[in-house]
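Coordinates in review
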Amino acid sequence: MGLGVRWTLHGDGRTPAPGAVVRPDERLSWPRTAGLGAQHVVAMFGASFVAPVLMGLDPNLAIMMSGVATVIFLLATRGRVPSYLGCSLSFVGVAAIIRAQGGDSAAVTGAILVVGVALFLSGLAVRKFGARIIHAAMPPVVTGAVVMLIGFNLAPVTATVYWPQDQWTALLTMLFTGLAVVCLRGFWSRVAIFLGLVFGYALSWLLDELFGKIHSVHGGTQAVDHWRLDLSGVGTADWIGLPSLHGPSFGWSAALVALPVVIALIAENAGHVKAVGEMTGDPLDDQLGTAIAADGAATVLSTAVGGPANTTYSENIGVMAATRVYSTAAYWAAAGFALLFGICPKFGAVVAAIPGGVLGGITVILYGMIGLLGAQIWVHNKVDLRNPLNLVPVAAGVIIGVGGVSLKISKNFELSGIALGTIVVITGYHTLRALAPAHLKTQEPLLDAGTSGYDDGAADGTAGEGPEPRGA
């Protein structure tokens, strides 16, 4: 079997016929393929270069390693699963917690590397035993809860770090981004986050020109006078140069904070493989384990040199759906462009200069969307939260994760936030399910109907059936 790097020319290589699709093993002409690759890069830019900035990592290295990760993924799946692996936003809250505990970038990447290993091993297990082990260990009620608490746990970061730097820029950027997401169509709606960043950049520059410096908290605890948009680092940055690398460091507390994110990454990969299979008409269930393992291997490699984790991107699914071009050749082109951006320090300086107020407006929407993906998993899989078997562990775990509840185990070790919330959801659900009487495992509504407005037809007391959740 080949590596999926040979493509047949689709038609005349120019424009697909009406209703036709360009399959993963086909391509258009190389200039058009390169253009599609550039489009995929732009589609993932908004979230993919915000992620390393929010985590305190090098954006140049992050973009470069996303290109490397994409190559690893395409080779591992032998060109059957068209996908771009961009920087995962699921670890932003993890990074914030680790840094609040005194950890540095090495501690952050070390914790994420452990998650990459766990993801790789999970992929191997899925390859051997099939996707059923995912549903058995992490039914939708559990997966949705973990994704929700990962997203909502980030709310204090926006409220206390980014928004106060420039509240009016944050508000206007939030409004513009929301309008772009809702009102724009096709490709432009897929790059709404990127457009919001561009808008915020321009607005910050205009406000600096009109009103001068702003007096607010900026990079510390005391309010100071500072420019909203400081491009001084861009002028001194080189055009060509390698990003800075660093090795990881490991600690039990940091690793335990990060490990729950493996659930979100598995859900994202499963949703991506299922969606691509449906679009291309090629059932890809046999590739699920390989895709998960490839994502884990790419994350291990990225974090080993100081980069962030990588994951499949729904933004790129949107581009494929809009263009009906599923050629993996376009993703090879996208990976090439990412590698070129990665060796341009001036590009990284532009990314690093994103004003705090702009990040405040973007993250209000972005973090909320991550959290609500958990609710989407529940809705898609018809999870019935009127059933106490589902409701109790989810209610406890989400409040613990979002509220930052802590459990002190010893003098130097405690569980809190995401880690403790995830443990409560997973162990709570499976323990209660093992002990619950049979009537609690039925599909009938178990609470007073007056406590819920859900339709009876949406009930699913088992919360363990239905298709895989759609990933972020």
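Above this text you will find the structure in question.
Attention in this report is confined to the structure presented alongside it. Please read these numbers as outputs of a predicted model, since none were measured by experiment.

Rules of the game
Sequence order sets the numbering: in each chain, residues are counted from 1 along the sequence as written. Owing to the predicted nature of the model, reporting of local features is limited to residues with pLDDT of at least 70; listing and counting of side-chain atom pairs is limited to 80 or more, with chain, interface and lining totals taken over all residues. Only hydrogens and water are set aside when side-chain values are computed; all heavy atoms of the structure are taken into account. To qualify as a helix, a DSSP run of H or I must reach at least 4 residues; to qualify as a strand, a run of E must reach at least 2; elements of each kind are numbered from the N terminus. Here, residues are in contact when the closest pair of their heavy atoms is within 4.5 Å. A patch is a set of surface residues, each over 30% in relative accessible area and not in a salt bridge, joined within 9 Å for like charges and within 5 Å for the nonpolar side chains Val, Leu, Ile, Met, Phe, Trp and Tyr. Residue burial considers only the protein chains on display, and all accessible areas are found by Shrake-Rupley using a 1.4 Å probe. Salt bridges, as used here, are contacts in which a Lys or Arg side-chain nitrogen is within 4 Å of a carboxyl oxygen on Asp or Glu. Per-residue accessibility, obtained with a 1.4 Å probe over protein chains only, is compared with the maximum for each type, and a residue is labelled buried under 20%, exposed over 50%, and partly exposed between these values. Whenever two N or O atoms come within 3.5 Å, that pair is a polar contact, provided that in protein one can donate a hydrogen and the other can accept it, and provided that, for residues adjacent in sequence, both atoms are side-chain atoms. Expected span of a helix: the number of residues minus one, times 1.5 Å.

**Some details on the side chain of Ser-83**
Its location among the elements puts Ser-83 in the loop between α2 (59-76) and β3 (85-87). In this structure Ser-83 touches Thr-70, Phe-73, Leu-74, His-272, Thr-312 and Tyr-331, once residues within four positions along its chain are discounted.

**Looking at a nonpolar patch on the surface**
Taken together, the side chains of Val-117, Phe-120, Leu-121 and Leu-124 make up a nonpolar region of the molecular surface, amounting to roughly 310 Å² of accessible area. When you line up the elements, Val-117 lands in helix α4 (residues 105-129). According to the relative accessible area criterion, Val-117 is partly exposed, its value standing at 36%.

**Some details on unusual backbone geometry**
Phi at Arg-78 takes a positive value of approximately 55 degrees, unusual for a residue other than glycine. When you line up the elements, Arg-78 lands in the loop between α2 and β3. Phi angles above zero are rare outside glycine, and Lys-382 is one such case at about 55 degrees. Tracing the chain through its elements places Lys-382 in the loop between α18 (356-380) and α19 (388-403). With relative accessibility at 48%, the residue Lys-382 sits in the partly exposed group.

**Section: the environment of Trp-7**
Its place among the elements puts Trp-7 in the segment before β1 (8-9). Among the polar contacts made by the side chain of Trp-7, one reaches the side chain of Thr-328 at a distance of 2.8 Å.

**Thoughts on α2**
Across its 18 residues, α2 extends 25 Å between first and last C-alpha, which sits within 8% of the 26 Å expected from 1.5 Å per residue. The buried fraction of α2 is high, at 13 of 18 residues. Sitting at the amino-terminal end of α2 is Asp-58, which places a side-chain oxygen 2.9 Å from the backbone nitrogen of Asn-60. Positive backbone phi, approximately 55 degrees, marks Arg-78, located one or two places after α2.

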